[in-house]
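# Results of the structural survey
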Amino acid sequence: MSFDLVLFGGTGDLAWRKLMPALFQAFRHGTLPEGGRIIGVGRDDLSHEQYRDLIRQRFDKVDLAKRPSADEFARFAALLEFVRMDLSKPDDYTRLAQTLQERQADTVVMYVATAPALFTTVCEQLAASGLNTPHTRVVLEKPLGHDLASNRAINQTVRRFFSENQIFRIDHYLGKPSVQNLFALRFGNALFEPLWRREHIANIQITMAEDLGVESRGAFYETTGALRDMVQNHALQLLCAIAMEPPINAHADAIRDEKLKVLRSLKPWTTESLTQDVVRGQYSAGVSGGNKVPAYRDEPGVNPHSNTETFVALRTEIANWRWAGVPFYIRTGKRLAGRDARIVVNFRPTPHAIFNTHAGLANRLVINLQPKDGLELHLMAQGQENRSSRAAAAQNLSPVQLDLDFDKRFGAERVGAYERLLLDVIDGRLNLFVRSDEQEEAWRWVEPMINHWATDSQGPRPYASGTWGPSASSAMIARDGFCWSEEN
Ligand code: BG6
């Protein structure tokens, strides 16, 4: 099957850091279908050769497990071409059309990795140049809009020219092997299903912590913030994966139908819950990885008086029979104490204690997403007996854990998120992509927070870089009698 992959934003940050390395890995692993062309699109005046050269230079800066040899890179580079375009100019699309017509690939993928403001223009112009054929697929990067209205406007325009099954809204968290394993854990094993409900689960915590700051993306981040960058998409998709009902089969719409139901069941915000159950923060100077690092307001491209949040912690509930009353806590932030993404399922404690066990210790399932990819099941066990105090020892239990490390089990060089998702687009598999109604529902739910902050004079709470965020985040969860998983 031949394919042409057109990468709008072909000289952008995402192309350098994620997309080109992912395509290269697929090429290296022999999973990229043969007969493909990768066409970078950008404003610079570059020849094919210069573009290939730029990519080779960038590859020195990204983590590729193993550096490509000159010969290996040359074979990959043979797939790469460059088309110079100003995306607002209709004539430039004609030039792209000519390039695509040089050969009629079976599948044409239009990957729109540009500023969201350009999504509708690109789709309109593709259609005007006759490039919205039935074998075209369009990939849209997040954030798709900045609120519900702008998201709807983008979706409506794109659907005028492409049918829903040609639109691949990407959320790279869904492509992570660890998230695949979450689906496998829940729907490939019967063990946890009877326990996966309010009767047995005390609370669920989703943490997506980054130790890095905004780096060179200050200007982008100023208009985005953690809520739009991480919560509206990645965090809510993880929440859906953990809370959804088993789908009737593994087809895209069966999965998306169930995710949609979760989003529709999220407890609506009230003035009170917006004040009590949401904490926004912004990093100040501190120490990260042993180095002094600047405050967010001192990062390049950031307004020195910025109120953009780099941290969000929130508490919500899912109003349905399975989950009513179970708190779900979401927390994400930049410049936190470490790079650590995990979901913690805290089970209820034993109903009656016959051991002298420290109260509050209960079973816990930890789904580690990164940097480690694995599962930990925390159990209570009778530890080593101390001969001098045998009677006391018999009364005491200690926490132990079953630890499954998927990298060790399956090999660390597993298919990365973007690699998998790009291959899925080429194959036309929509399972791991987000449908428009899911996205709209997610925007509908985050919008009250955006509106509340717009009128809230308090602004984000400062937290020192290298910590776990503002203390108000711990206070919020403590109100329910719980604590974040790293605190116990
Ligand atoms: C992206 C956000 O979607 O996800 C970034 O725009 C963030 O701000 C990144 O750093 C985190 O992804 P990962 O895979 O490194 O956890």
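Keep in mind that what you see is a predicted model, and the values were worked out from it rather than measured.

### Observations concerning the environment of Leu54
Counting through the fold element by element, Leu54 comes out in helix H2 (residues 48-59). Taking C-alpha positions, Leu54 is 35 Å from Leu238, a pair spaced 184 residues apart along the chain. Setting aside anything within four residues of it in sequence, one finds Leu54 in contact with Trp16 and Leu46.

### Looking at the environment of Pro90
Mapped onto the elements of the fold, Pro90 is located in helix H4 (residues 90-101). Pro90 gets classed as partly exposed once you look at its relative accessible area, which sits at 46%. Note: C-alpha distance between Pro90 and Ala128 (38 residues apart in sequence) is 8.1 Å.

### A short note on the nonpolar core
Counting residues in each nonpolar core, the largest one holds 115 residues, and the members touching the most others are Met20, Phe76, Tyr111 and Ile242. Those residues in contact with Phe76 that sit more than four places away from it in its chain are Met20, Leu23, Phe24, Phe27, Ile38 and Phe59. If you look at the next biggest cluster of nonpolar residues, it comprises 28 residues, including Phe8, Val83, Val108 and Met110.

### Observations regarding the packing of aromatic side chains
In this structure the tally under the stated criterion is 19 aromatic pairs. Aromatic pair Phe24 and Phe27: ring centres 6.4 Å apart, planes at 35 degrees, arrangement tilted. Placement of the pair is Phe24 and Phe27 together in helix H1 (residues 13-28), with a separation of three residues, close to one helical turn. By the ring-pair criterion, three or more aromatic residues cluster together here, those being Phe24, Phe27, Phe59, Phe73 and Phe76. It is Arg335 that lies over the ring of Tyr283; its NZ or CZ is 6.0 Å from the centre.

Rules behind the numbers
Residues numbered from 1 in each chain as written. Predicted model: local features only at pLDDT ≥ 70, side-chain atom pairs only at ≥ 80, totals over all residues. Heavy atoms only, no water. Helix = DSSP H or I, 4+ residues; strand = E, 2+ residues; numbered from the N terminus. Contact = heavy atoms within 4.5 Å. Buried < 20%, exposed > 50% of the residue type's maximum accessible area, 1.4 Å probe, protein only. Core = buried A, V, L, I, M, F, W, Y, C linked by side-chain atoms within 4.5 Å. Phe/Tyr/Trp six-rings, centres within 6.5 Å; stacked < 30°, edge-to-face > 60°. Lys NZ or Arg CZ within 6 Å of the ring centre and 35° of its normal.

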